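# Secondary and tertiary structure notes
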Amino acid sequence: MQILKVENLYKSFAGSGEVVIDVSFEINEGEVIAVIGPSGSGKSTLLRCLTLLERINHGTIKVAGETMVETTPEGRVVYASEEQLRKIRLRLGMVFQNFNLFPHFSVMRNITEAPIHVRGLSPEKAREEAERLLGKIGLADKADAYPYQLSGGQSQRVAIARALAMKPDILFFDEPTSALDPELTGEVLKVIRQLAAERMTMLVVTHEMAFARDVADRVIFMDKGQVVEEGTAEQIFGDPENERTRSFLRNFSANHK
Amino acid sequence: MSIFQVPTDAIKLITLLFNGLITSLQVFFLTLLFSLPLGLLTALGRMSSHKWISYPIRLYILVMRGTPLLLQLIFFYFAPFYMLPPGFRFSLPRFTAAIIAFSLNYAAYFAEIYRGGIESIPVGQYEAAAVLGFTRTQTFFKIILPQVVKRILPPISNEVITLVKDTALVQILGISELFRVAKNESSRIFSTTPLFVAGVFYLFLNWIVTKVFESAEKKLSYYR
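It should be emphasised that the depicted structure is a prediction, and the values quoted were computed from it without experimental measurement.

Turning our attention to the overall build of chain B. Per the secondary structure count, chain B includes eight helices and zero strands. Reading chain B from its N terminus to its C terminus gives the helix and strand order α-α-α-α-α-α-α-α. A compact globule built from 224 residues would reach a C-alpha radius of gyration of about 17 Å, whereas chain B, at 22 Å, exceeds it by more than 25%. In terms of its C-alpha atoms, chain B occupies a principal-axis envelope of roughly 80 × 55 × 25 Å. Evaluated residue by residue, chain B yields a buried proportion of 43% over its 224 residues.

What follows is about helix α4 (residues 123-136) of chain A. All names here are of chain A. With 14 residues, α4 extends 20 Å from end C-alpha to end C-alpha; this agrees with the ideal 20 Å at 1.5 Å per step. Buried within α4 are the following residues: Ala126, Glu129, Ala130, Leu133 and Leu134. Buried residues of α4, seen end-on, are gathered within an arc of 140° and therefore sit on one face of the element. Opposite the buried face of α4, at more than 90 degrees from it, the exposed residues are Glu124 and Glu128.

Facing the 19 residues of chain B at the interface are 23 residues of chain A. For the chain B and chain A pair, buried surface summed over both sides reaches about 2000 Å², with 66% attributable to carbon and sulfur atoms. The interface formed by chain B and chain A holds two salt bridges in total. Here Glu127 of chain B and Arg48 of chain A are joined by a salt bridge, their closest N and O atoms 2.6 Å apart. If you look at where chain B meets chain A, you find eight residue pairs in polar contact (both at pLDDT 80 or more). Counting residues per element, the ones that place at least two in the side of chain B that touches chain A are α5 (123-131) and α6 (136-166) of chain B.

It is worth spelling out the packing of aromatic side chains at this point. Residue and element names in this part refer to chain B. Applying the stated criterion to the full structure yields 16 aromatic pairs over all chains. Residues Tyr106 and Tyr109 carry aromatic rings whose centres are separated by 6.4 Å and whose planes lie at 45° to one another, so their mutual orientation is tilted. On the criterion of helical spacing, the pair formed by Tyr106 and Tyr109 is a turn pair, its members being three residues apart in helix α4 (residues 94-119). Look at Tyr109 and you get partly exposed, because its relative accessible area is 28%. For the ring pair Phe140 and Phe141, a centre distance of 5.2 Å and an interplane angle of 85° mean the geometry is edge-to-face. Assessed through its relative accessible area of 12%, Phe140 is described here as buried. Three or more aromatic residues link up through ring pairs in this structure, and these residues are Tyr77, Phe78, Phe81 and Tyr82. Here the basic side chain of Arg89 rests over the ring of Phe81, its NZ or CZ set 5.5 Å away from the ring centre. The ring of Tyr223 carries Lys150 above its face, with NZ or CZ at 4.6 Å from the centroid.

Now for the nonpolar core. Residues and elements named next belong to chain A. Among the nonpolar cores identified, the biggest contains 98 residues, and Leu4, Phe25, Leu50, Met68 and Leu203 are the most heavily contacted of them. Apart from residues no more than four positions distant in its own chain, Leu50 is found in contact with Leu4, Val6, Leu9, Phe25, Ile61, Met68, Leu92, Phe172 and Leu203. Counting residues in hydrophobic clusters, the runner-up holds 37 residues, among them Leu171, Leu184, Phe211 and Val215.

All names here are of chain B. The contact between helix α7 (residues 178-189) and helix α8 (residues 193-219) brings their axes to 8 Å, and the two run at 160°. Compared by their axis directions, α7 and α8 come out roughly antiparallel. As α7 runs across α8, the sense of the crossing is right-handed. Of the residues in α8, those touching α7 at Leu178, Phe179, Ala182, Lys183, Glu185, Ser186 and Ile189 are Pro194, Leu195, Ala198, Phe201 and Tyr202.

We now examine the pairing of strand β2 (residues 17-28) of chain A. Relative to β2 of chain A, strand β1 (residues 2-13) of chain A runs antiparallel, the two sharing eight bridges. Considered in β2 of chain A, the bridge of Ser12 of chain A is made with Glu18 of chain A.

Here we take up empty space enclosed by the protein. Across all of its chains, the model carries two cavities of 30 Å³ or more by this definition. Reported here for the largest cavity is a volume of approximately 50 Å³. Residue lining of the largest cavity: Arg89, Leu90, Leu92, Gly93, Met94, Ala163 and Met166 of chain A together with Val131 and Leu132 of chain B, and that is the complete set. Among the elements that line the lining of the largest cavity, the one with the most residues is strand β7 (residues 92-95) of chain A, at three residues. Split into classes, the residues belonging to the lining of the largest cavity amount to seven nonpolar, one polar and one charged. For the second largest cavity, the calculated volume is near 40 Å³. Lining the second largest cavity are Met94, Phe96, Arg162 and Ala163 of chain A together with Ala128, Val131 and Leu132 of chain B. Breaking the lining of the second largest cavity down by element, the ones donating at least two residues are α5 (152-164) of chain A together with α5 of chain B. When grouped by side-chain class, the residues that make up the lining of the second largest cavity number six nonpolar, no polar and one charged.

What counts and what doesn't
Residues numbered from 1 in each chain as written. Chains lettered and ligands numbered in written order. Predicted model: local features only at pLDDT ≥ 70, side-chain atom pairs only at ≥ 80, totals over all residues. Heavy atoms only, no water. Helix = DSSP H or I, 4+ residues; strand = E, 2+ residues; numbered from the N terminus. Rg over C-alpha atoms; globule rule 2.2 N^0.38 Å. Buried < 20%, exposed > 50% of the residue type's maximum accessible area, 1.4 Å probe, protein only. Expected span 1.5 Å × (residues − 1). Arc of directions from axis to C-beta. Contact = heavy atoms within 4.5 Å. Buried area = accessible area lost by both parts, 1.4 Å probe. Salt bridge = Lys/Arg side-chain N within 4 Å of Asp/Glu carboxyl O. Polar contact = N/O pair within 3.5 Å; in protein donor to acceptor, adjacent residues only side chain to side chain. Phe/Tyr/Trp six-rings, centres within 6.5 Å; stacked < 30°, edge-to-face > 60°. Lys NZ or Arg CZ within 6 Å of the ring centre and 35° of its normal. Core = buried A, V, L, I, M, F, W, Y, C linked by side-chain atoms within 4.5 Å. Axes fitted to C-alpha atoms, helices over the stretch in contact; angles between N-to-C directions. Parallel < 35°, antiparallel > 145°, perpendicular 65-115°, else oblique. Left-handed = near helix turned anticlockwise from the far one by under 90°. Pairing = 2+ DSSP bridges. 1 Å grid on protein atoms, 1.4 Å probe; cavity = no way out; pocket = protein on both sides within 12 Å on 5 of 7 lines; lining within 4 Å. Points joined across faces, edges and corners; volume = space filled by probe spheres on them. Nonpolar A, V, L, I, M, F, W, Y, C, P; charged D, E, K, R; others polar.

Taken by themselves, the reported measurements are silent on function.
Encoded structure:
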């Protein structure tokens, strides 16, 4: 089943011009997509458009067959009703680069607050679910800790659990390890790998090339707001067709030796 | 018998000042009761993207912070009578006028403190809440406001301490609060003792205010 369909997406900002240019792709259930590319290539903005944190200037986005936004033949961008968007939002999960945990809530409450107050789960049910998730990410003993007591890697794992607790159809990651000390990236990547093994549908913006290569079913390479090349991990990393992709990967491996 | 006169006088003075203190406390608590919520509304209006909301509120804050509270007290007492056309004139009770002036004045100061607090919350908090599906109201009351309260406690405590002392200003409207009572008693008995005792009362009140805010800060120190 198709979870996400993006067609001819454009996003520009006053002052910085077009940041995302004519991007189209789709994601099917259970697929893991890695989006790679140099800084400023529009990867994060793309993600923010898909999660309704930014409004697009042109294009169509469909989530599990439901239209989030479309553009009329006259070029008018029409978003679904607030009511409809609220439902669509429930299908989307997001993990931020800077975690964005709620500092005044315990780890437990960070995870249970939205299931209780947005999904309408009973507190007991939400707690049970949160405990299961905490066990899964290896932080069962941190339920009562506060975010300031966690390391970056632990924080990011809690943020993943918080997103999973909403049972999204697709989980977006915006450079989930970029704010972490190098020795802490492993524990976060391990959790994402585990989710991939469980066939969680995910779109991961990342600079971790080895990780993208292992985990992603498909890789999208973006540069200057455009999708330059898209293909399987073997294709993109093993035998990239486009010169920009080749030079990016070459520079990347040169800088990370 | 003269040796018993001293404690009797002391008790008389304390009782007298105590009555003034009650009035001061009424001004203090009623002002907080009205100005704290009004300040929040004012802050939200000040941050509104609609110019026809934010501009009048900016003007209101400018006037309230830019003119003496003493003058505002006089204004709210006399304006309904002298500034309205005949037939619409009315006068407010002194105490009511004082509470209105104080509440509007303090709300303006509180509004700027709230605004500073609200604007200091990282945008990521709003974004995380939005992606989790919280409504704007839920986001504000569950996620943002609790964090704001922690951040603004120190500046709020400054204002509250000032308020304790500012209550003395209502004497301009002839209200017998602590300071006026002490001053009159001072003139009557040709002694500065009543004023000194009033000073001790103010200090004691602010010691309590300080303690209350310290314990509130401590209560909120469970997170950073």
